[in-house]
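One letter stands for each residue in the lines below.
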Amino acid sequence: MNFDLDQEHLDLAAAARDFLSASASPAAARKALEGGTGVRPGRAELVKSGFATITVPEREGGGGGTVLDLAVVAEQAGRLLAGPSLVSFARAAVLLDGDTRLAGLAAGEVSVAIVDDSGPVLDAVGADTFLAPRDGALVCGPGTVTAREPIDPTRGLGDVALGETTVLVPDAAELWRRGERVGRTILAAEGLGAASRVLELGVEYAKQRHAFGRAIGSYQAVKHMLVDVYVEVEQLRSLVWWAAWAADHAPGELPLAAAAAKAAAATTLEHAAETVVQVHGGIGFTWEHDAHLYWRRSKVDRFLLGDDVAAYDEVARLAVAR
Amino acid sequence: MDFDDTAAEAAWRAEVRAFLEQHREELGARRDGKAAAQARQATLYDAGFVGVTWPVEAGGRGGTPMQQAIIDQETARLGLPALVNLIGIGMCGPTVIAHGSDDQKGRYLKRLLRADDVWCQLFSEPAAGSDLAGLRTRAVRDGDDWRVDGQKVWTTSAQLADYGILLTRTDPDVPKHRGLTMFVVDMHAPGVTVRPLRQMSGGADFNEVFFDDVVIPDTERLGAAGDGWRVALTTLMSERLSLGGGGTGIGPGIEAVARHVAEHLDALPPDRQVLARQDLGRAYVAALGSRYTGYRQLSKLSRGEFPGPEASAGKLAGTRTARDLADLAVRVLGDDARVATTRDGDGFWQELQAGLPGMAIAGGTDQVLRNIIGERVLGLPAEPRADKGVTFRESIAATERTGA
């Protein structure tokens, strides 16, 4: 049994953190929220770095890596509230397998967003090529994007009016579901990063902040709240690794693992962000503090790729059918 | 990353599995009584599957914690009952190994592994539970002996035990952690009285134990006089090592709950089905989170590392999940959930439900576990202690003044 990251993954995480932290940060997310800038590092830089296209085969100009590799990077992206989401790249790599557009994606010539439904679409802002399901087929085409007022601007949500589409894969139901499941895995990995980072903020503050003559983290009322988040975050880490491993090695386990990771990420990030706002007291719900940027991420992500209720329901349906 | 056994682990698993399956009937027989339970453990010991991590000279095999984890997994897979001397193997024996004399080791250890003698751990008291170092059972030196008076409580298996490790106060005039001494006590000695306590579930697994002028020879001391806290920490660390599996061994298995829910789901009204699936989904995700976090700990064992204080999270999470699963399992019984057995005469889930609140207390309360994780994993400061820097006698006097 070796259910742990190896040295290569730790090195990959460090490299991703170095690259992402040069431009992405909660401060950058706040600036985007104020309308000053786009998301950081942004699509072009993310593609140029090679991190976004890790799961694209080498022959198409990608990294030829595993879903677990991408999940390791996505955790770092989540910590820094980086955008656009690696979810969109992960799904595009699945859906465009064998299509010439995949090389275009890796070369930075094509900007892809995935249209699940009629609602606002993740990373639609700045995208020029849209993939969507239609009557069991996978279609692709241009579209017109209307950006929506963001809760979390790093998610680039906008309404998409599809233009003329072409059918890429006629019978794409299974392919579409795999793309969703890989996407859920990467979404959960980003949620893991965000949750573990916001927990760190809470723990650091609980050590520094004194009230009634001692650090507030010494009070069990505060300590136990943070511990409950820690326990959830570590369970989420285990589920993210399992889902990523399943995506790479055990397709039969992926439906349950991806649904579990998605559900746990939604619940855990929300719990973490709300706890850490509370631990900070007054400063915790100011615009200038970073806590609300993670809180915003949690309030949006729980509704991406199906909401938490749908994911828990799917877990239960799979469990009773086993 | 993989979930596979190494070649050596796979070979060991095959050996364990072959033996357990061959002796399944004998080992799985749920006959009551001490003798039957002792016979089951002796069969396993004689085959080499008890105490594998113990040193060879202590009667063990000098094996790895991973080998023990594989035995635990295979035992759970077949649903075999737990060993009668689980506490002896997990806690008492390791304490004797670390702090006992050669004479004690020779007399006790192998017999403990074979369950020729059953052991218990005499730590908690009516006035000292989570605050174990506040215990009051007195041991007073009397020539070559010690005389013990006091009371222990929540002592699992004391009704079966032949020996126990007993933590006593030998010096009340130093701070509380420094005045303790550990002994091996003969549970059949004059003055030892065991009274079973009935739990809220109706079962009686634990006891009150009274000591009335019980004589213990000084040769039965474990570690130096006054060094009992350090000796007790050995016991408690061993307890952590003996609890693997990330808390997934607590309560019902998730697959069993899912099968049970599947059987009852269609009988529920549609809106109740939706709610039942939400409950199942949440508990199932939590249980999977515990299971795969347990695999991370097993991976550490497999590499030869030991679990740290983060392992406490397994029990904390496992207890919560077990309660949620049991609650759901009872709820889907419908009207029958109001009574202790269903119309078919099945009381399994109701009985399970009554056993789980105790799990959040036994072996470290949820609140103590949160303190351990908060302080030793997250690095948060400890609560100030009102009894710090004063002798035990002074702290007792202060408690009595405030009427607490």
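Residues numbered from 1 in each chain as written. Chains lettered and ligands numbered in written order. Predicted model: local features only at pLDDT ≥ 70, side-chain atom pairs only at ≥ 80, totals over all residues.

### Observations concerning the overall build of chain B
Looking only at helices and strands, chain B features 13 helices and eight strands. Over its C-alpha trace chain B gives a radius of gyration of 23 Å, about what one expects of a compact globule, namely 22 Å for 404 residues. The C-alpha extent of chain B, read off along each of the three principal axes, is 75 × 55 × 45 Å. Taking all 404 residues of chain B together, the buried fraction comes to 42%. Sequence-distant contacts in chain B: of pairs separated by 6 or more residues, those separated by 24 or more amount to 72%. (Helix = DSSP H or I, 4+ residues; strand = E, 2+ residues; numbered from the N terminus. Rg over C-alpha atoms; globule rule 2.2 N^0.38 Å. Buried ≥ 20, exposed ≤ 12 C-beta atoms within 10 Å, placed from the backbone. Contact = placed C-beta atoms within 7 Å.)

### Some details on the overall build of chain A
When its secondary structure is counted, chain A shows 11 helices and eight strands. Projected onto its principal axes, the C-alpha positions of chain A cover 65 × 50 × 35 Å. For chain A, with 322 residues in total, the buried portion stands at 60%. Sequence-distant contacts in chain A: of pairs separated by 6 or more residues, those separated by 24 or more amount to 69%.

### So, the nonpolar core
Counting residues in each nonpolar core, the largest one holds 214 residues, and the members touching the most others are L239 and A243 of chain A. If one sorts the elements of this core by residue count, helix α8 (residues 220-249) of chain A sits on top with 18 residues. Once residues lying within four places of it in the same chain are set aside, the contact partners of L239 of chain A are A188, A257, A260, A261 and A264 of chain A together with L288, G289 and Y292 of chain B. (Core = buried A, V, L, I, M, F, W, Y, C linked by C-beta atoms within 7 Å.)

### Here we look at the sheet that holds strand β1 (residues 112-114) of chain A
Residue and element names in this part refer to chain A. With mixed pairing, four strands are arranged side by side in an open sheet as β1-β2-β3-β6. Of all the strands in the sheet, just β1 and β6 (166-169) have a single pairing partner and so form its edges. Averaged over all pairs of adjacent strands, the angle between their axes in this sheet comes to 35 degrees, without regard to strand direction. (Pairing = 2+ DSSP bridges. Axes fitted to C-alpha atoms, helices over the stretch in contact; angles between N-to-C directions.)

### So, the interface of chain B and chain A
Listed as interface residues are 40 residues of chain B and, on the opposing side, 39 residues of chain A. For the side of chain B that touches chain A, the elements supplying multiple residues, two or more each, are α8 (254-265), α9 (270-302), α10 (312-331) and α12 (366-376) of chain B. The element that contributes the greatest number of residues to the side of chain B that touches chain A is α9 of chain B, accounting for 17 residues. Looking at side-chain class alone, the side of chain B that touches chain A contains 23 nonpolar, nine polar and eight charged residues. (Nonpolar A, V, L, I, M, F, W, Y, C, P; charged D, E, K, R; others polar.)

### With respect to the confidence of the model for chain B
A residue-level look at chain B finds 97% of positions with pLDDT of 70 or above and a mean pLDDT of 93. Predicted complex, confidence summary: ipTM 0.97, pTM 0.95. (pLDDT = per-residue confidence, 0-100.)

### Re the environment of A224 of chain B
By the element assignment, A224 of chain B lies in the loop between β8 (221-222) and α7 (228-242). Separated by 42 residues in sequence, A224 of chain B and M182 of chain B place their C-alpha atoms 8.3 Å apart.

### A closer look at the pairing of strand β3 (residues 145-156) of chain B
Residue and element names in this part refer to chain B. The pairing of strand β2 (residues 138-142) with β3 spans five bridges and is classified as antiparallel. Within β3, the residue paired with V140 across the bridge is R147. If you look at the hairpin formed by β2 and β3, you'll find two residues sitting between the two strands, and G143 has a positive phi there, around 65 degrees.

### Details of the packing of helix α4 (residues 65-77) of chain B against α9 of chain B
Residue and element names in this part refer to chain B. Look at α4 against α9: their axes get within 8 Å of each other, and the N-to-C directions meet at 135 degrees. Between α4 and α9, the angle falls in the class oblique. Every residue of α9 that contacts α4 at P65, M66 and A69 is listed here: L298, L301 and S302. In terms of residue class, the contact of α4 with α9 is made up of five nonpolar, one polar and no charged. (Parallel < 35°, antiparallel > 145°, perpendicular 65-115°, else oblique.)

### Considering the domain arrangement of chain B
Residue and element names in this part refer to chain B. Parsing chain B into structural domains produces domain 1 (7-84), domain 2 (119-235) and domain 3 (243-376). Counting residues at the interface gives five residues for domain 1 and six residues for domain 3. Of the residues belonging to the side of domain 1 that touches domain 3, the class tally is four nonpolar, no polar and one charged. (Domains from an automatic or database assignment.)

### A short note on unusual backbone geometry
Residue and element names in this part refer to chain A. Going from R40 to P41, the amide bond is cis rather than trans, its omega being 0 degrees. Locating P41 in the fold gives a position in the loop between α2 (26-33) and α3 (43-49). With an omega dihedral of -5 degrees, the bond running from G83 to P84 counts as a cis peptide bond. With respect to the element layout, P84 can be found in the loop between α4 (67-79) and α5 (86-95). Phi is positive for F212, which is not a glycine, with a value near 55 degrees.

### Concerning α4 of chain A
An ideal rise of 1.5 Å per residue puts 18 Å on 13 residues; α4 of chain A measures up with 18 Å between its terminal C-alpha atoms. Residue L81 of chain A follows α4 of chain A closely and has a positive phi angle near 55 degrees. (Expected span 1.5 Å × (residues − 1).)

### Focus: helix α7 (residues 173-208) of chain A
With 36 residues, α7 of chain A extends 53 Å between its outermost C-alpha atoms, agreeing within 8% with the 52 Å of an ideal straight helix rising 1.5 Å per residue. Where burial is concerned, most of α7 of chain A is hidden: 28 out of the 36 residues are buried.

### Regarding the packing of α5 of chain A against α7 of chain A
Residues and elements named next belong to chain A. Following both chains from N to C, one finds α5 and α7 inclined at 155 degrees, their axes separated by 8 Å at the closest point. Relative to α7, the element α5 is oriented roughly antiparallel. Relative to α7, the crossing made by α5 is right-handed. Along its contact with α5, which presents L86, V87, A90, R91, V94 and L95, the element α7 presents L175, R178, G179, V182, G183, I186, L187 and E190. Each residue belonging to the contact of α5 with α7 can be placed in one class, and the counts come to nine nonpolar, two polar and three charged. (Left-handed = near helix turned anticlockwise from the far one by under 90°.)

### Some thoughts on the environment of L304 of chain A
Following the sequence through the fold, L304 of chain A ends up in the loop between α10 (291-301) and α11 (308-321). Residue contacts for L304 of chain A: discarding those within four places in its chain leaves L122 and L187 of chain A.

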